[in-house]
Amino acid sequence: MKKVALSILAISLFSCNTQKAIKADYEVSKNETFAITLKSNPTTGYSWKWVKNNTSKIVDSVSVTFAKDKAATGMVGVGGNEIWKFKGKESGVETLTFEYCRSWEPKSTVETKKISVKIK
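Described in the following lines is the structure provided in the data block. (Residues numbered from 1 in each chain as written. Predicted model: local features only at pLDDT ≥ 70, side-chain atom pairs only at ≥ 80, totals over all residues. Heavy atoms only, no water.)

Describing the nonpolar core
Here is the rule we go by: To define a nonpolar core, start from buried Ala, Val, Leu, Ile, Met, Phe, Trp, Tyr and Cys residues and group those joined through side-chain atoms within 4.5 Å. Note on classification: 1.4 Å probe, protein chains only; a residue is buried when its accessible area is under 20% of the maximum for its type, exposed when over 50%, partly exposed between these limits. Contacts are assigned to residue pairs with any non-hydrogen atoms lying within 4.5 Å of each other.
Ranked by size, the top nonpolar core spans 17 residues in total, and within it Phe34, Ile36, Val59, Trp84, Phe86, Leu96 and Phe98 carry the most contacts. With residues up to four places along the chain from it excluded, the contact list for Leu96 reads Ile36, Trp50, Val59, Phe86, Lys113, Lys114, Ile115 and Val117.

Comments concerning the sheet that holds strand S6 (residues 92–101)
Where we set the bar: For two strands to be treated as a pair, DSSP must find at least two bridges joining them. Secondary structure elements are defined from DSSP: runs of H or I of at least 4 residues count as helices, runs of E of at least 2 residues count as strands, and each element is numbered from the N terminus. Under this scheme, a helix contributes an axis fitted over its contacting stretch, all axes are lines through C-alpha atoms, and angles between N-to-C directions fall in the 0 to 180 degree range.
In space, the four strands of this open sheet follow the order S1-S7-S6-S3, with mixed pairing throughout. At either margin of the open sheet sits one strand with a lone partner, and together these are strand S1 (26–28) and strand S3 (47–51). Within this sheet the neighbouring strands show an average axis-to-axis angle of 30 degrees, counted without direction. Note: S1 against strand S7 (residues 111–119), three bridges, orientation parallel. For Glu27, the partnering residue across the bridge sits in S7 and is Lys118.

Here's the deal with the sheet that holds strand S5 (residues 80–88)
Strands pair in a sheet through their backbones, by hydrogen bonds, and they do so in one of two ways: parallel or antiparallel. With antiparallel pairing, three strands are arranged side by side in an open sheet as S2-S5-S4. Whereas interior strands pair on both sides, the edge strands pair on one side only; in this sheet they are strand S2 (33–40) and strand S4 (59–68). For this sheet, the mean angle separating the axes of adjacent strands, direction not counted, is 20 degrees. Direction of pairing for S2 relative to S5: antiparallel, over a ladder of eight bridges.

Next up, the structure:
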């Protein structure tokens, strides 16, 4: 009988639904704008694409710009950073997925990044 009682106690302790703190890469307030910077080199034909979840209501994309790395005058093929700006719309947590690919080539993704965002 003791073994049965201990087994029930152990099962109940390990099956408790405990909430874990959410660790987000970005934590912003509602209506706040934030930027995600991704290394890029568009001279290769590759750029980052946000794989937007059509049901997403947490964030909106505001803009995408490219900032070239410093290089000697006349140097070509210089990489830099794509800067994606988003605005928090609704409270919640979402994972933004980006693919580094050639837009005209199917299945050309060479890298995927997932970035967690928490809107307060």
